[in-house]
Amino acid sequence: MDKSKQLFRKSKRSFRRRLPPIGSGDRIDYRNMSLISRFISEQGKILSRRVNRLTLKQQRLITIAIKQARILSSLPFRNNEKQLDRAESIPRTTSPRTKNK
C-alpha cells in the first residue's frame, strides 16, 4: 500500500463500553442518599449529563430528587466547608469602636 493510503485506514481497536452509573434495580428517590451523592460535585452542584453518562430521563429524575432532598434539609444547598474553615481561622477583634470627633 501507499503511505498516503495507510494514513486514512481506521484502526481496529475495540472500545470497552462503560457500564451505566444507575443499575436497573436502583430507585431514583430523594431518600436514596448514596445514589444521589454520586451525582453532586464537591461544591454541591448537580453534575451535567455528559459527566454522569445518564439518559435524559434519568438526569431529570436525579435533578428532581436532589432538589427535593435539599428542600427537606437532607442535603445542603451548598458545601461551605472550605469557606467555614477559612472564616474560623481569621481572628476578629472584639474591642469596642471609638468615635473620632
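Here the structure is a predicted model, which means the values were calculated and not measured.

I'd like a description of helix H4 (residues 56-71), backed by residues and values.
For H4, with 16 residues, the first-to-last C-alpha span of 23 Å sits near the 22 Å given by 1.5 Å per residue. Of the positions making up H4, those classed as buried are Gln59, Ile62, Thr63, Ala65, Ile66, Ala69 and Arg70. Projected down its long axis, H4 carries its buried residues within an arc of 165°, all on one side. Exposed residues pointing more than 90 degrees away from the buried face of H4 are listed as Lys57, Arg60 and Ile71. On its buried face, H4 sits against helix H2 (33-36) and helix H3 (49-52). Ser73 sits one or two residues past H4 and shows a positive phi near 65°.

Can you break down the pattern of salt bridges residue by residue, with the values?
For the structure on display, the rule yields two salt bridges. One salt bridge in this structure joins Asp26 and Arg38, with 3.9 Å as the shortest N-O distance. You can see Asp26 sitting in the loop between helix H1 (3-7) and H2 and its partner Arg38 sitting in the loop between H2 and H3, a full twelve residues away along the chain. The exposure class of Asp26 is partly exposed, given its relative accessible area of 37%. When the shortest N-O distance is used, the salt bridge between Arg31 and Asp29 registers 2.8 Å. By relative accessible area, which is 16% here, Asp29 ends up buried.

Quick rundown of the environment of Arg53? Include the residues and the values.
Mapping Arg53 onto the fold places it in the loop between H3 and H4. In sequence terms Arg53 and Pro20 are 33 residues apart; their C-alpha atoms lie 6.9 Å from each other.

If you had to explain the confidence of the model for the chain to someone new, which residues and values would you point to?
Low pLDDT marks regions whose predicted coordinates should not be analysed in detail. Summing up the model confidence of the chain, the mean pLDDT is 78 and the portion of residues at 70 or higher is 65%. Per-element confidence in the chain is highest for H4, whose mean pLDDT is 93, and lowest for helix H5 (residues 81-89), whose mean pLDDT is 54.

Run through the side chain of Gln59, naming residues and quoting values.
With respect to the helices and strands, Gln59 occurs in helix H4. Of the residues examined, Gln59 reaches a relative accessible area of 11% and is grouped as buried. Polar side-chain contacts of Gln59 include one of 3.2 Å to the backbone oxygen of Leu47. Excluding anything up to four places from it in sequence, Gln59 contacts Ile46, Leu47, Ser48, Arg49, Asn52 and Leu54.

So, how was this worked out
Residues numbered from 1 in each chain as written. Predicted model: local features only at pLDDT ≥ 70, side-chain atom pairs only at ≥ 80, totals over all residues. Heavy atoms only, no water. Helix = DSSP H or I, 4+ residues; strand = E, 2+ residues; numbered from the N terminus. Expected span 1.5 Å × (residues − 1). Buried < 20%, exposed > 50% of the residue type's maximum accessible area, 1.4 Å probe, protein only. Arc of directions from axis to C-beta. Contact = heavy atoms within 4.5 Å. Salt bridge = Lys/Arg side-chain N within 4 Å of Asp/Glu carboxyl O. pLDDT = per-residue confidence, 0-100. Polar contact = N/O pair within 3.5 Å; in protein donor to acceptor, adjacent residues only side chain to side chain.

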